Amino acid sequence: MASFNLTPSDPPTFILMGIPGLEAAHVLFSIPFSMFYLLGLLGNVTVLFVVGKEQTLHKPMYLLICMLALTDISVSASVMPKALCIFWFNMKDITVAGCLTQTFFLHASMVMHSAVLVTMAFDRYVAICNPLRYTIILTNARVAKLGLMGLIRAVVFILPGPLLLSRQPFCDNFMIPHTYCEYMAVAKMLCGDTTVNRMYDLVIVSVVIGLDLTLIALSYGLIIRTVLRISSKKAHQKAFNTCTTHICVILTSYTPSLFSNLTHRFGQGIAPHIHIILANLYLLIPLMLNPVIYGVKTKELHDKVVKYICRI
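Computed from a prediction, not measured in an experiment: that's the story for all the values here. (Residues numbered from 1 in each chain as written. Predicted model: local features only at pLDDT ≥ 70, side-chain atom pairs only at ≥ 80, totals over all residues. Heavy atoms only, no water.)

Comments concerning a nonpolar patch on the surface
Defined as follows: Patch criteria: residues need more than 30% relative accessible area and no salt bridge. Like-charged residues are merged within 9 Å; nonpolar side chains of Val, Leu, Ile, Met, Phe, Trp and Tyr are merged within 5 Å. Accessible surface is estimated by sampling points in the Shrake-Rupley manner with a 1.4 Å probe; for residues, cover comes only from the protein chains shown. The term salt bridge refers to a pairing of a side-chain nitrogen on Lys or Arg with a carboxyl oxygen on Asp or Glu at a separation within 4 Å. Strands are runs of DSSP state E lasting at least 2 residues, helices are runs of H or I lasting at least 4, and numbering of each runs from the N terminus.
Side chains of Met199, Leu202, Val203, Val207, Leu211, Leu215 and Leu218 sit close together on the surface and give an oily, nonpolar patch of about 580 Å² of accessible area. Looking at the secondary structure, you find Leu202 in helix α9 (residues 195-228).

Next up, the structure:
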């Protein structure tokens, strides 16, 4: 874990205000948030358990599904326990080191999540465009190496952010109008010039989301080109079914994130509490929906999950 050097002017703690203006409704907000969180954890842990127990599911595609489940859990676990403590027990204080650590793990998990989606797009490309070589190109060992590369990328991209924050003095206003230590929310607490911090945030968002979405779009462009060359309607339907699950996951992952980022940067007329509610929901929606999508659309996984549920 990174060690953050704090200047003498740094406060011992920040205060996370939760949802400013709606403090009286914190307990009400905690009900859907806690339900989404617990249901999401249950779904993803079930997927991890079933894939781990079933030897027939020890394949690249299911290894990627497990990676996606782990990143979904990591993203939400970085935020929701503290957010629920704010809602339920009014425990709003967080140390500066704790805040910067939360920032690192949250954003690193999100970058890793995006890397897994890119790898899944490549998996679908190979499955449709080079089906005869699929087992040669995508082995479990190769998928594990791609996952490790995604993790290294996440650490390299995200670690400079908290380090930049730790080397600058914070102002006297220690109140963060948020439920968690989002990078730019913490950067606004700095007394000095935050141009470098804002540029860093913009570059990371542009590079990660821009590059990853470009690679995903390229994969699906090549898939569409290959499918259009096939005359069989049955083959078209099979290819479409193969990709539908991953497209649904991409939509649940990127759509809320892009919407929240755009409203945060350009929606000055939108009330702050709307920003914060959206920022929490876009962390919970993929956690809750992704295991449902894979459980319903992937027959082999669906059958194994049903088998274990029937045993209970």
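Still to come is the rest of the account.
Details of the packing of helix α2 (residues 60-77) against helix α4 (residues 96-129)
Basically, it comes down to this: Axes here refer to lines fitted to C-alpha atoms; in helices the fit is confined to the stretch in contact. Angles between the N-to-C directions go from 0 to 180 degrees. Angles below 35 degrees are treated as roughly parallel, those above 145 as roughly antiparallel, those between 65 and 115 as roughly perpendicular, and all remaining angles as oblique. Two helices that cross are described as forming a left-handed crossing if the nearer one is turned anticlockwise from the farther one by less than a right angle, and a right-handed crossing if clockwise. Here, residues are in contact when the closest pair of their heavy atoms is within 4.5 Å. Only Asp, Glu, Lys and Arg are considered charged, only Ala, Val, Leu, Ile, Met, Phe, Trp, Tyr, Cys and Pro nonpolar, and every remaining residue, Gly among them, polar.
It is at 9 Å that the axes of α2 and α4 come closest, and there the two elements cross at 160 degrees. As judged from the angle between their axes, α2 and α4 are roughly antiparallel. In terms of crossing hand, the pair formed by α2 and α4 is left-handed. Taking contact as the criterion, the partners of Met61, Leu64, Ile65, Met67, Leu68, Thr71, Asp72, Ser74 and Val75 in α2 are, on α4, Leu106, Ser109, Met110, Met112, His113, Val116, Leu117, Thr119, Met120, Asp123 and Arg124. Taken together, the residues of the contact of α2 with α4 break down into twelve nonpolar, five polar and three charged.

Re the state of the cysteines
Rules: The disulfide criterion used throughout: a pair of cysteine sulfur atoms within 2.5 Å. Exposed residues in this analysis have more than 50% of their type's maximum accessible area, buried residues have under 20%, and partly exposed residues fall in between, with area computed by a 1.4 Å probe over protein chains only.
Enumeration according to the criterion identifies two disulfides in this entry. Paired through a disulfide, Cys171 and Cys191 show a sulfur-sulfur distance of 2.2 Å. Of the two residues, Cys171 is situated in the loop between α7 (160-166) and β3 (175-176) and Cys191 in the loop between α8 (183-187) and α9; the sequence distance between them amounts to 20 residues. You can call Cys191 partly exposed: its relative accessible area is 46%. Indicated for the protein chain is the disulfide connectivity 1-3, 2-4, based on numbering the bonded cysteines in sequence order. We note that Cys85 lacks a disulfide partner, and the nearest cysteine sulfur, in Cys181, lies 13 Å from it. For Cys85, a relative accessible area of 23% puts it in the partly exposed group. For the unlinked cysteine Cys243, the closest cysteine sulfur is that of Cys129, found at 8.6 Å.

As for unusual backbone geometry
Outside of glycine, negative phi angles account for most residues, and trans bonds account for most peptide bonds. One non-glycine residue with positive phi stands out, namely Asn90, at about 60 degrees. When you line up the elements, Asn90 lands in the loop between α3 (80-89) and β2 (93-95).

Some thoughts on the pattern of salt bridges
One pass over the full model with this rule turns up six salt bridges. In this structure, the salt-bridge partner of Asp123 is Arg124, at a minimum N-O distance of 2.5 Å. As far as the burial class goes, Asp123 and Arg124 line up, both buried. One continuous salt-bridge network, built from bridges that share partners, spans Glu54, Lys304 and Lys307.

Regarding the side chain of Asn44
So the rule is basically this: Counting of polar contacts relies on pairs of N or O atoms within 3.5 Å, with two restrictions inside protein: one atom must be capable of donating a hydrogen and the other of accepting it, and residues adjacent in sequence are counted only when both atoms are side-chain atoms.
Relative to the assigned elements, Asn44 resides in helix α1 (residues 26-53). For Asn44, a relative accessible area of 3% translates into the label buried. Separated by 2.8 Å, the side chain of Asn44 and the backbone oxygen of Gly40 make a polar contact. From its side chain, Asn44 meets the backbone oxygen of Leu287 in a polar contact 2.8 Å long. Sequence-distant contacts of Asn44, defined by excluding residues within four places in its chain, comprise Ala69, Asp72, Ile73, Leu287 and Pro291.

Brief notes about the pairing of strand β1 (residues 13-16)
Going by this rule: Two strands pair if DSSP finds at least two bridges between them.
Burial along β1 is one-sided: the face carrying Phe14 and Leu16 is buried and the face carrying Thr13 and Ile15 is not. Here β1 pairs with β2 via three bridges, running antiparallel. Within β2, the residue paired with Thr13 across the bridge is Thr95. Summarising the sheet, β1 and β3 pair through two bridges and their orientation is parallel. Bridging across to β3, Ile15 finds its partner in Met175.

Comments concerning the sheet that holds β3
The three strands are arranged β2-β1-β3 in an open sheet whose pairing can be described as mixed. The two strands at the open ends of the sheet, each matched to only one other strand, are β2 and β3. Across the sheet, α4 touches β1, β2 and β3, and the angle it forms with β2 is around 85 degrees.

Examining the packing of aromatic side chains
This is how it is decided: In this analysis, rings of Phe, Tyr and Trp, with Trp reduced to its six-membered ring, are considered paired at centre separations within 6.5 Å, and the interplanar angle assigns stacked below 30 degrees, edge-to-face beyond 60, and tilted for intermediate values. Placement of a positive charge over a ring is assigned whenever Lys NZ or Arg CZ falls within 6 Å of the ring centre and within 35 degrees of the normal to the ring plane.
Enumeration according to the criterion identifies eight aromatic pairs in this entry. Centre to centre, the rings of Phe49 and Tyr308 are 5.5 Å apart; their planes meet at 80 degrees, and the pair counts as edge-to-face. Residue Phe49 is located in helix α1, and its partner Tyr308 is located in helix α12 (residues 299-311); the two are separated by 259 residues in the primary sequence. Note on Tyr308: relative accessible area 13%, which makes it buried. Pairing Trp88 with Phe89 gives two aromatic rings, centres 6.3 Å apart and planes at 75 degrees, and the pair type is edge-to-face. Exposure remark for Trp88: the relative accessible area of 44% places this residue in the partly exposed category. A cation sits over an aromatic face here: Arg311 above Tyr308, 4.9 Å from the ring centre.

Quick notes on the nonpolar core
Cut-off, in case you're wondering: As used in this record, nonpolar core signifies buried Ala, Val, Leu, Ile, Met, Phe, Trp, Tyr and Cys residues forming a set joined through side-chain atoms within 4.5 Å.
In terms of nonpolar packing, the biggest core is built from 63 residues, with Phe14, Met120, Ile176, Val186, Ile216 and Leu301 touching the most fellow members. Looking at which element gives the most residues to this core, the answer is α4, with 15 residues. Setting aside residues up to four positions removed in sequence, Ile216 forms contacts with Leu117, Val118, Ala121, Ile250 and Tyr254. Ranked by size, the runner-up nonpolar core spans 22 residues in total, among them Ile73, Val75, Ala279 and Leu283.

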